[in-house]
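Per-entry structural report
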Amino acid sequence: MAHLLAEDLDFHQHTSSYATHNLHAFPAKFLPQLPRRFIDALTDRHDTVLDPMMGSGTTVLEAYLADRRSLGFDIDPLALLLGAVKVTPLDVTRAAAIGVAALEDAQRRLHVDSDALRQALDRRFDPRSRAFIDYWFSPATQLELTALLLAIETVPDAPLRRFLELAFSAIIITKSGGVSRARDLAHTRPHRVAGKPPRSAFEAFRKRVQQNVASLAQLPADRTPAIVRAGDAQALPLPDTSVDLIVTSPPYASNAIDYMRAHKFSLVWLGRPIAALTQRRKDCIGGEAVDVTRFESLPAYTENTVQRLETMHPKKGAVLRRYYSEMTRVIREMVRVLGHDRVAVLVVGSSVMAGMNTMTHECLA
């Protein structure tokens, strides 16, 4: 491990778009060569590699490619969808054909009976979710997206259906805001753009399916199946000493990158009510609500860091205390599930709150 950490771990000159890494936009991804370096050096074939906060699934995919037993957990529904699709080999010819058929079905629905689509749209959402959709999506785009969803939902094969659902999500969550009225969704800070011309959801979906099929063709099928599950990193559903390596990148403190704020733009279409997504955002590690967690005793350096922020800004200090309390429980779980003399690698970025560096790397260490 000491030898690895002495190496040059800056892989920014390397491509990161191979295999299925580029199926969907996701902010603050770490480069796949980083977890792969630790996986290759610290584990053997069929060893168990875990990412308890898997996000975009980079570690999960790299462990799968290396033929390790790959485990990924998250509470973000979009992360779970993305992680599952990334490590599920499919017949690419069939996936391409199903994508074409879904698009043709959606186009037929819009052409033949747009009134039925409007009725389906009205039935689909509760009032709060519908208000969100009306604000962020033009009426024409709403009909196209509804037609696409109805077509996708007729696909009986679950892995193929998830593949199409991810392509659907990817035409919404993009740096440009995709087919919505927003911009910069890939970086989590949406802004409504007045007069933004609507893009064709049908054409965007066609291109995304083609791109994702080409990526899927690079995914080998002869690997140990990966496991992607909903799970809280503070209470992992795993036995003691059952993991050979952990490689993960924890979230930032105080929602410095607010994943759920952007992810709700597609998740609401995929059947998640806005109210439920708002609650899920509160549950995420690093959230701003301080009435939903219990505080832990912190090491002296970390406690002093929190107290300095509390002196300057009591509310933000409480948020930082929540973050380090939650990460204390995460690290405790890592220790519990790791095998003896095994390693956990945390790729950490710090953040600034009220003008003060939270020193995340030092405090977690």
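Coordinates for the structure precede this section.
In what follows, the accompanying structure is described. Note that the coordinates shown come from a computational prediction; the quantities given were computed from them, not determined experimentally. (Residues numbered from 1 in each chain as written. Predicted model: local features only at pLDDT ≥ 70, side-chain atom pairs only at ≥ 80, totals over all residues. Heavy atoms only, no water.)

1. Some thoughts on the side chain of serine 325
As a reminder, the rule being used: Only DSSP runs of H or I with at least four residues qualify as helices, and only runs of E with at least two residues qualify as strands; both kinds are numbered from the N terminus onward. The buried label applies to any residue whose accessible area, calculated with a 1.4 Å probe on protein chains only, is under 20% of its type's maximum; exposed applies above 50%, and partly exposed to all values in between. In this description, contact between two residues means that some pair of their heavy atoms is separated by no more than 4.5 Å.
Its place among the elements puts serine 325 in helix α14 (residues 314–337). Residue serine 325 is classed as buried on the basis of its relative accessible area, which comes to 0%. The residues contacting serine 325, other than those within four sequence positions of it, are Arg294, Phe295, Glu296 and Leu298.

2. Some thoughts on the pairing of strand β6 (residues 243–248)
Note the following rule: Here, strands pair whenever DSSP counts at least two bridges between them.
The buried count for β6 comes to six of six residues, which makes it a mostly enclosed element. Sheet topology places strand β1 (residues 48–51) next to β6; two bridges connect them, and they run parallel. For leucine 50, the partnering residue across the bridge sits in β6 and is isoleucine 246. Taken together, the five bridges between β6 and strand β7 (residues 338–346) define a ladder with parallel strand orientation. Along β7, the bridge assignment pairs valine 247 with valine 345.

3. As for helix α2 (residues 33–42)
All buried positions along α2 are accounted for by Gln33, Leu34, Pro35, Phe38 and Ile39. Of the surrounding elements, those touching the buried residues of α2 are α1 (2–6), β1, α3 (58–65), β6 and β7.

4. As for the packing of aromatic side chains
Inclusion rule: Note on ring pairs: Phe, Tyr and Trp rings are taken, using the six-membered ring of Trp, and paired if centres are within 6.5 Å. Classes follow the plane angle, with under 30 degrees stacked, over 60 edge-to-face and the rest tilted. To sit over a ring, a charge needs its Lys NZ or Arg CZ within 6 Å of the ring centre and within 35 degrees of the ring normal.
Tallied over the full model, the rule gives eight aromatic pairs. On the basis of an interplanar angle of 50° and a centroid distance of 6.4 Å, the ring pair of phenylalanine 132 and tryptophan 136 is categorised as tilted. Note that phenylalanine 132 and tryptophan 136 are positioned in helix α7 (residues 127–136) at a spacing of four residues, about one turn of the helix. Judged by relative accessible area, phenylalanine 132 falls into the buried class, the value being 11%. Relative accessible area serves as the criterion here: at 11%, tryptophan 136 is assigned to the buried category. The residue whose ring lies beneath arginine 192 is tyrosine 135, and the NZ or CZ to ring-centre distance is 4.4 Å.

5. What to know about the pattern of salt bridges
Heads up, the condition is: We define a salt bridge as a contact between a side-chain nitrogen of Lys or Arg and a carboxyl oxygen of Asp or Glu at a distance within 4 Å.
Counted by the stated rule, this structure contains 22 salt bridges. Note that glutamate 7 is salt-bridged to arginine 37, the shortest N-O span being 2.9 Å. Taken as a pair, glutamate 7 in the loop between α1 and α2 and arginine 37 in helix α2 lie far apart in primary sequence, 30 residues in all. Judged by its relative accessible area of 25%, glutamate 7 is partly exposed. Its relative accessible area of 28% is what places arginine 37 among the partly exposed residues. Across the salt bridge formed by aspartate 115 and arginine 118, the nearest N and O atoms sit 3.1 Å from each other. With aspartate 115 and arginine 118 both in helix α6 (residues 114–124) and three residues apart, this pair spans about one turn of that helix. Aspartate 115 sits in the partly exposed class, given a relative accessible area of 48%. One continuous salt-bridge network, built from bridges that share partners, spans Arg294, Glu296, Arg329 and Arg332.

6. Looking at the sheet that holds β7
Note on sheets: strands pair through backbone hydrogen bonds, and any given pair is parallel or antiparallel. The line we're drawing: Lines are fitted to the C-alpha atoms to define the axes, a helix being fitted only along its stretch in contact, and any angle between axes, read from their N-to-C directions, falls within 0 to 180 degrees.
The parallel open sheet is built from five strands, whose spatial order is β5-β2-β1-β6-β7. On the outer flanks of this sheet lie β5 (227–230) and β7, each paired with one strand and no other. Mean inter-strand twist for the sheet, computed between neighbouring axes without regard to direction, equals 20°. Against the sheet, α3 engages β1, β2 (69–74), β5 and β6, with an angle of about 170° to β2.

7. Some points on the packing of α7 against helix α12 (residues 274–283)
For clarity, the cut-off: Roughly parallel means an angle under 35 degrees; roughly antiparallel means over 145; roughly perpendicular covers 65 to 115; every other angle is labelled oblique. Ten residue types, Ala, Val, Leu, Ile, Met, Phe, Trp, Tyr, Cys and Pro, are classed as nonpolar, four, Asp, Glu, Lys and Arg, as charged, and the remainder, Gly among them, as polar.
Running from N to C, α7 and α12 cross one another at 90°; their axes reach a closest spacing of 7 Å. On the basis of the axis angle, α7 is roughly perpendicular to α12. On α12, the residues that touch Arg128, Ser129 and Phe132 of α7 are Ile274, Ala275 and Thr278. When its residues are assigned to classes, the contact of α7 with α12 shows three nonpolar, two polar and one charged.

8. Focus: α6
Worth spelling out the cut-off: Regarding the arc, it is the one traced by the directions from the helix axis to the C-beta atoms.
Residues of α6 that are buried include every one of Leu117, Ala120 and Leu121, and no others. Down the axis of α6, the buried side of the element spans an arc of 100°, and every buried residue falls inside it.

9. As for the nonpolar core
Nonpolar side chains tend to gather and get buried jointly when the protein is soluble and globular. Put simply, the test is: By nonpolar core we mean a set of buried residues, namely Ala, Val, Leu, Ile, Met, Phe, Trp, Tyr and Cys, connected to one another through side-chain atoms within 4.5 Å.
If you look at the biggest cluster of nonpolar residues, it comprises 67 residues, and the most contacted ones within it are Leu145, Leu148, Ile172, Phe205 and Trp269. When residues of this core are assigned to their parent elements, the largest contribution, eight residues, is made by helix α8 (residues 139–152). With near-sequence residues (within four places) excluded, isoleucine 172 lies in contact with Phe137, Leu145, Gly177, Gly178, Val179, Leu185, Phe265, Ser266 and Trp269. By size, the runner-up hydrophobic cluster in this structure holds 27 residues, among which are Leu50, Ala233, Leu298 and Leu338.

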